[in-house]
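# What the coordinates show
Below, each chain spelled out in residue letters.
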Amino acid sequence: MSNVFSFTGTVGRDAEVRYTPSGLAVLSVTVANNIGFGDKQQTLWIRVALFGKRAEGNLQNYLKKGQQVFVSGELTQNEYKANDGSMKSSLELNANIIDLLGKRNEASQPQQAYQASEKQASTPQGSSHDNFDAPYDDDIPF
């Protein structure tokens, strides 16, 4: 039997790396996933954990609030008693894959992207061989 849950979502707060008493690194991040449509739309908050060497890398520096991510791993549901005495549940995912999607806060950065494309357009074609957006003028017979 396989328990794999994959989704895209938005990081709700900056990721943290902590260590277990045995020295195992654990990267923790909370990711929001919107489900449903219109007035029936809900936001699921899923705690995501990444263990071991992968948690020790630079991924923590990129998992900032507002970053879009794709996450895949094993999903569990835990129940707990809240301070008010009611029973609550939380979703937790032991991640196998965390991929960054797009830029953080894409809506606030279109000017920077536009300025970068303006600079590329103003450079002469002969000075750069890395401009793959420029038309290719070689005479190839096919």
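An account of the accompanying structure is given in this report. (Residues numbered from 1 in each chain as written. Predicted model: local features only at pLDDT ≥ 70, side-chain atom pairs only at ≥ 80, totals over all residues. Heavy atoms only, no water.)

A word on the pairing of strand β2 (residues 25-35). Burial analysis of β2 places eight of its 11 residues in the buried class, which makes it a mostly covered element. In the sheet, strand β1 (residues 5-19) pairs with β2 via seven bridges, with the strands oriented antiparallel. Residue pairing in the sheet places R18 in a bridge with V26 of β2. Joining the antiparallel neighbours β1 and β2 is a turn of five residues, in which G23 adopts a positive phi near 95 degrees. (Buried < 20%, exposed > 50% of the residue type's maximum accessible area, 1.4 Å probe, protein only. Helix = DSSP H or I, 4+ residues; strand = E, 2+ residues; numbered from the N terminus. Pairing = 2+ DSSP bridges.)

Our next topic: the sheet that holds strand β3 (residues 42-51). The strand order around the closed barrel built from five strands is β1-β2-β3-β5-β4, with neighbouring strands paired in mixed fashion. Going across the sheet, the axis of each strand differs from the next one's by a mean of 40 degrees, ignoring polarity. Two strands pair when backbone bridges link them, and β2 and β3 are joined in this way by 10 bridges, in the antiparallel orientation. Its bridge partner lying in β3, S28 is registered against A49. (Axes fitted to C-alpha atoms, helices over the stretch in contact; angles between N-to-C directions.)

Between side chains of opposite charge, a pair can form as their charged atoms come close. By the definition in use, this model includes two salt bridges. Its salt-bridge partner being R18, residue E16 comes within 2.9 Å of it at the nearest N-O pair. Here E16 falls in the partly exposed class, since its relative accessible area comes to 35%. Owing to a relative accessible area of 54%, R18 belongs among the exposed residues under this scheme. Put simply, E92 and R47 hold a salt bridge, and the shortest N to O gap is 3.4 Å. Taken together, the residues span a long stretch of sequence, with E92 in strand β5 (residues 87-101) and R47 in strand β3 at a distance of 45 residues. (Salt bridge = Lys/Arg side-chain N within 4 Å of Asp/Glu carboxyl O.)

Generally speaking, nonpolar side chains in soluble globular proteins are found buried as a group. Core analysis: the biggest nonpolar cluster contains 18 residues, and L27, V29, V48, L63, V71 and I98 have the highest contact counts within it. When residues of this core are traced back to their parent elements, those giving at least two are β1, β2, β3, β4 (68-81) and β5. Considering every element that reaches this core, the biggest residue donor is β2, with four residues. In this structure, L63 is in contact with V11, R13, D14, A15, L27, V29, V69, I98 and L100, ignoring residues within four places of it in sequence. (Core = buried A, V, L, I, M, F, W, Y, C linked by side-chain atoms within 4.5 Å. Contact = heavy atoms within 4.5 Å.)

Looking now at the side chain of S90. On the secondary structure map, S90 appears in strand β5. You can call S90 buried: its relative accessible area is 13%. Not counting residues up to four positions away in its chain, the partners in contact with S90 are T76, Q77, N78 and Y80.

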